[in-house]
Amino acid sequence: MSQPASKQTERMEKIVSLCKRRGFIFPSSEIYGGINGFWDFGPLGAELKRNVKDLWWKSMTRFRDDVVGLDASIIMHPMTWKASGHVDTFADPMVDCLLTKKRFRADQIEPQSGIIYSYTGARDEASGKEIDEPYSVLLTAGKPPESARKVAIQFYAQRGLTNPVLLGETTEKVENTTRFNPENGSLLTEPRMFNLMFKSHAGPVESDENVVYLRPETAQAIFVQFKNVLETSRQKVPFGIAQIGKAFRNEINPRNYIFRSREFEQMELEFFIKPDEVVEKTAGPVATFREGEWPQGEPQPNWGWQAWHLYWVQERLRWYESIGLGRDSLELHWQSREELAHYAKATVDILYKFPFGAQELEGIAARGNYDLTQHHNTSGKSMEYFDQEAGEKYIPHVIEPSTGVDRLVLALICEAFDEEEVTDEKGKTEVRTVLRFHPRVAPIKVGVFPLLKNKPALVQKALEVRDLLRPHMTVFYDDAGAIGRRYRRQDEAGTPFGITIDFDTIGENGPATEGTVTLRHRDSMKQERVKISDLLGILLPQVQ
Ligand code: GAP
């Protein structure tokens with residue numbers, strides 16, 4: 001059941017606080033006051049991120065014969081971005097609050113209804129000086145007219161009047177307007193388009209000729225290198241190129257913690273396919289699917305763009321499930337005709353139900369052959385592929401599953417976060433904070449604890465266990481404090497397993513339990529006695 005908004009806000013605040021306290025995420029350059037839209041990943045965050053990227057990379061490239069990898073430069077020839085359309089159209093509409101100067105993305109302002117209080121200007125009570133600049137304030141339901149007047153007085157005071165008297169007040173009822181600041185009701189500026197690419201200069205001279213851009217997506221490098229990869233990897237269409245890397249967008253309004261940042265990482269696949277006409281020629285009628293129908297089994301020669309698109313949606317959902325994001329935490333949003341890019345045939349967004357609402361985690365787009373055609377035309381270099389089976393040349397079409405590492409990390413943390421009341425053996429009740437990460441993504445897989453740190457035989461055995469496991473997984477050795485507190489620390493870090501070396505382990509209670517340890521499971525808190533020699537066999541299949 002969904003929780004009320006205040007509970008969700010509280011949950012998000014707890015998550016942000018835990019991430020800072022436990023070293024998952026820090027504000028970038030915090031000692032200088034931070035920088036809006038930039039974040040650093042601390043020791044646990046860095047491990048979590050690395051696990052996510054490794055799992056994506058393995059599932060996309062190593063476990064498939066038909067996808068190869070690429071690791072391209074962040075700064076590319078600026079013509080790349082002209083051809084892709086980013087120079088001319090990668091822009092968001094921006095508006096500023098006329099009172100506070102706060103900047104918003106015009107298309108993200110929630111429509112509001114109420115009464116507009118408009119003024120033709122204001123006069124200073126003492127000096128008689130007049131300002132004839134019109135200004136308006138939106139008064140939403142439940143607020144007294146005085147609050148609108150107060151905002152207008154602040155506006156004219158900012159323009160130099162000591163004691164403004166408002167002039168020419170008129171009112172008008174309005175519904176669903178996006179022209180006013182939702183925080184204070186002040187009128188906003190007219191929308192202006194703002195290009196989201198970060199600009200710099202390559203080389204020592206800062207001139208228009210050497211302007212370069214930090215890439216706003218990793219995808220374009222894949223298109224630009226299509227021919228090189230094709231020729232060196234001996235792949236045949238259908239095949240894909242995968243890439244993980246940094247992307248930069250000068251977002252007008254970074255928000256929701258790390259959800260919308262200015263620097264982030266993407267994991268993108270461009271999966272090149274035959275145009276439907278070519279499929280038809282070589283494999284007969286192209287497979288078609290009605291709404292709600294999905295392709296089953298292995299890819300088939302008669303698959304056109306629709307089957308491949310649906311196939312990748314399913315593959316990506318399966319992958320999310322394998323790292324702990326089940327179907328009930330995700331939603332699919334099929335973009336409407338109005339939302340679709342002009343060249344796209346279909347796009348499905350996979351949304352995660354964040355505490356601040358269901359928001360895009362990944363987009364899976366059937367992009368036609370728009371990108372390769374643009375580079376073919378702009379560079380003058382052929383992007384055509386000779387299909388031996390069809391006996392003809394064409395520019396391949398593409399299916400693009402594109403996701404963000406940082407967003408996914410946030411989704412995994414939100415999904416894992418839990419608080420539960422537990423009662424200890426002395427009957428004391430406390431709240432246990434636990435991150436229930438899937439063992440595959442958990443930053444630390446196992447904690448190793450000698451029961452007492454001043455008993456050399458326990459410590460030595462514990463270090464042996466640590467060294468046994470270390471080559472295969474991240475292990476955290478901890479001998480500080482009561483064992484219960486050590487367990488709680490690892491619960492908060494999301495460590496799925498804890499191993500305690502006690503007097504049984506070192507044979508002080510007889511030979512039957514010598515060489516055994518307790519294995520504690522984070523979620524159930526249950527403990528079992530297992531042989532040290534069985535540990536790898538038990539843990540490895542769960543964490544890999
Ligand atoms: N090549 C297609 C492309 O870049 P996109 O929907 O703009 O498509 C793909 O971005 C994914 O990148 C998003 O689904 C999201 O996960 C991530 N992403 C985009 N902008 C982001 C931002 N400002 N902060 C964090 N992640 C972002």
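Preceding this paragraph is the structure being described.
Keep in mind that what you see is a predicted model, and the values were worked out from it rather than measured.

Chemist: Can you tell me about the overall build of the protein chain, naming the residues and giving the values?
Modeler: Looking only at helices and strands, the protein chain features 14 helices and 29 strands. Projected onto its principal axes, the C-alpha positions of the protein chain cover 100 × 75 × 55 Å. A buried classification covers 49% of the 544 residues belonging to the protein chain. Accessible surface computed for the protein chain: about 26,800 Å², of which carbon and sulfur atoms make up 50%. Considering the protein chain, the positive charge centre built from 69 side chains and the negative charge centre built from 78 side chains are found 4 Å apart.

Chemist: Go over the sheet that holds strand S12 (residues 192–195) with me, naming the residues and quoting the values.
Modeler: Sheet architecture is open: three strands sit in the order S5-S4-S12, paired in antiparallel fashion. Unpaired on one side and paired on the other, strand S5 (103–105) and S12 mark the two borders of the sheet. Across the sheet, the mean angle separating the axes of adjacent strands is 45° when strand polarity is ignored. Sheet topology note: the strand S4 (residues 91–96)/S12 ladder contains four bridges and is antiparallel. Note that in S12 the partner of Asp 92 across the bridge is Phe 194.

Chemist: Talk me through the side chain of His 397; I want residue IDs and the actual numbers.
Modeler: Within the secondary structure, His 397 sits in strand S22 (residues 397–404). Take His 397: its relative accessible area is 13%, and that puts it in the buried class. Of note is the side chain of His 397, whose polar atom sits 3.4 Å from the side chain of Lys 345.

Chemist: Talk me through the site of the ligand; I want residue IDs and the actual numbers.
Modeler: Taken together, 19 residues sit near the ligand, with Glu 217, Arg 249, Glu 268, Glu 360 and Leu 361 positioned nearest. Within the side chain of Glu 217, an N or O atom sits 2.7 Å from a nitrogen atom of the ligand. Between the ligand and Glu 360 there is a distance of 2.6 Å, counted from an oxygen atom to a side-chain nitrogen or oxygen. Across the complex, the protein chains shield 88% of the 550 Å² of accessible surface that the ligand would expose by itself. Every element with two or more residues in the shell around the ligand is listed here: strand S16 (263–273), strand S19 (357–366) and S22.

Chemist: Give a detailed account of the nonpolar core, specifying residues and quantitative values.
Modeler: Counting 62 residues, the largest nonpolar core has Leu 408 and Phe 437 as the members making the most contacts within it. Of all the elements in the fold, those that place two or more residues in this core are helix H1 (5–21), helix H2 (43–62), strand S15 (239–248), S16, helix H9 (305–322), strand S18 (346–354), S19 and helix H11 (405–416). For Leu 408, the contacting residues outside a window of four places in its chain are Val 52, Met 267, Trp 319, Tyr 320, Ile 323, Leu 325 and Leu 361.

Chemist: Hey, could you go over the pattern of salt bridges for me, with residue numbers and the actual values?
Modeler: Counting across every chain of the model gives 47 salt bridges. The partner of Glu 420 in a salt bridge is Arg 432, and the shortest N-O contact between them spans 2.8 Å. Separated by 12 residues along the polypeptide, Glu 420 in strand S23 (residues 417–423) and Arg 432 in strand S24 (residues 429–435) bring together distant segments of the chain. Since its relative accessible area comes to 22%, Glu 420 is described here as partly exposed. When its relative accessible area of 0% is taken as the criterion, Arg 432 is described as buried. Between Arg 436 and Asp 523 there is a salt bridge; the shortest N-O distance is 3.4 Å. One end of the pair, Arg 436, is in the loop between S24 and strand S25 (446–450); the other, Asp 523, is in the loop between strand S28 (516–521) and strand S29 (527–531), and 87 residues separate them in sequence. According to the relative accessible area criterion, Arg 436 is partly exposed, its value standing at 26%.

Chemist: Can you break down the packing of aromatic side chains residue by residue, with the values?
Modeler: Aromatic ring pairs are defined here through the distance separating the ring centres and the angle between the ring planes. Inspection of every chain in the model, using the stated rule, returns 25 aromatic pairs. Taken together, a centroid distance of 4.7 Å and an interplanar angle of 50° make the contact between Phe 226 and Phe 272 tilted. Taken together, the residues Phe 226 in helix H7 (residues 226–233) and Phe 272 in strand S16 connect sequence positions 46 residues apart. Each member of the pair Phe 226 and Phe 272 is classed as buried. For the pair Tyr 343 and Tyr 370, a centre-to-centre distance of 4.1 Å together with 10° between the ring planes defines the contact as stacked. Note that Tyr 343 is positioned in the loop between strand S17 (330–334) and S18 and Tyr 370 in helix H10 (residues 370–379), a separation of 27 residues in sequence. The exposure class assigned to Tyr 343 is partly exposed, which follows from its relative accessible area of 23%. Residue classification places Tyr 370 among the buried positions, given a relative accessible area of 18%. Taken together through their ring pairs, the aromatic side chains of Phe 271, Trp 303, Trp 308, Tyr 311 and Trp 312 make up a single cluster.

Chemist: Describe helix H5 (residues 145–158), naming the residues involved and giving the relevant values.
Modeler: Its 14 residues give H5 an end-to-end C-alpha distance of 21 Å, which sits within 8% of 20 Å, the value for a rise of 1.5 Å per residue. Buried residues belonging to H5 abut strand S6 (112–119), strand S7 (121–124), strand S8 (130–131), strand S9 (135–139) and strand S10 (164–167). The first or second residue beyond H5 is Gly 160, which carries a positive phi of 110°.

Chemist: Can you tell me about the packing of H1 against H11, naming the residues and giving the values?
Modeler: Orientation of H1 relative to H11, taken along the N-to-C sense of each, is 110°, at an axis distance of 11 Å. Between H1 and H11, the angle is such that the two are roughly perpendicular. Judged by the twist between their axes, the crossing of H1 over H11 is right-handed. In this structure, H1 contributes Arg 11, Met 12, Ile 15 and Cys 19 to the contact, and H11 contributes Leu 410, Ile 413 and Cys 414.

Chemist: With reference to specific residues and values, describe the environment of Thr 403.
Modeler: Of note, Thr 403 is situated in strand S22. When its relative accessible area of 2% is taken as the criterion, Thr 403 is described as buried. A C-alpha to C-alpha distance of 8.6 Å links Thr 403 and Glu 265, two positions 138 residues apart in sequence. Not counting the four nearest positions on each side in its chain, Thr 403 is found in contact with Trp 56, Glu 265, Gln 266, Met 267, Arg 316, Tyr 320, Leu 361 and Glu 362. Within the local environment of Thr 403, its side chain forms a polar contact with the backbone oxygen of Leu 361, the two atoms lying 3.0 Å apart.

Chemist: I'd like a rundown of the environment of Glu 133, residues and numbers included.
Modeler: Looking at the element boundaries, Glu 133 is found in the loop between S8 and S9. Classification of Glu 133 as partly exposed rests on a relative accessible area of 30%. Sequence-wise, Glu 133 and Arg 159 are 26 residues apart; in three dimensions their C-alpha atoms are separated by 9.6 Å. Residue contacts for Glu 133: discarding those within four places in its chain leaves Tyr 119, Thr 120, Gly 121, Phe 155, Tyr 156 and Arg 159. Among the polar contacts listed, one links the side chain of Glu 133 to the side chain of Arg 159, at a separation of 2.9 Å.

What counts, and where the lines are drawn
- Residues numbered from 1 in each chain as written.
- Predicted model: local features only at pLDDT ≥ 70, side-chain atom pairs only at ≥ 80, totals over all residues.
- Heavy atoms only, no water.
- Helix = DSSP H or I, 4+ residues; strand = E, 2+ residues; numbered from the N terminus.
- Buried < 20%, exposed > 50% of the residue type's maximum accessible area, 1.4 Å probe, protein only.
- Areas by Shrake-Rupley, 256 points an atom, 1.4 Å probe, with all protein chains shown as cover.
- Lys, Arg positive; Asp, Glu negative; His and termini not counted.
- Charge placed at Lys NZ, Arg CZ, Asp CG, Glu CD.
- Pairing = 2+ DSSP bridges.
- Axes fitted to C-alpha atoms, helices over the stretch in contact; angles between N-to-C directions.
- Polar contact = N/O pair within 3.5 Å; in protein donor to acceptor, adjacent residues only side chain to side chain.
- Near = heavy atom within 4 Å.
- Core = buried A, V, L, I, M, F, W, Y, C linked by side-chain atoms within 4.5 Å.
- Contact = heavy atoms within 4.5 Å.
- Salt bridge = Lys/Arg side-chain N within 4 Å of Asp/Glu carboxyl O.
- Phe/Tyr/Trp six-rings, centres within 6.5 Å; stacked < 30°, edge-to-face > 60°.
- Expected span 1.5 Å × (residues − 1).
- Parallel < 35°, antiparallel > 145°, perpendicular 65-115°, else oblique.
- Left-handed = near helix turned anticlockwise from the far one by under 90°.

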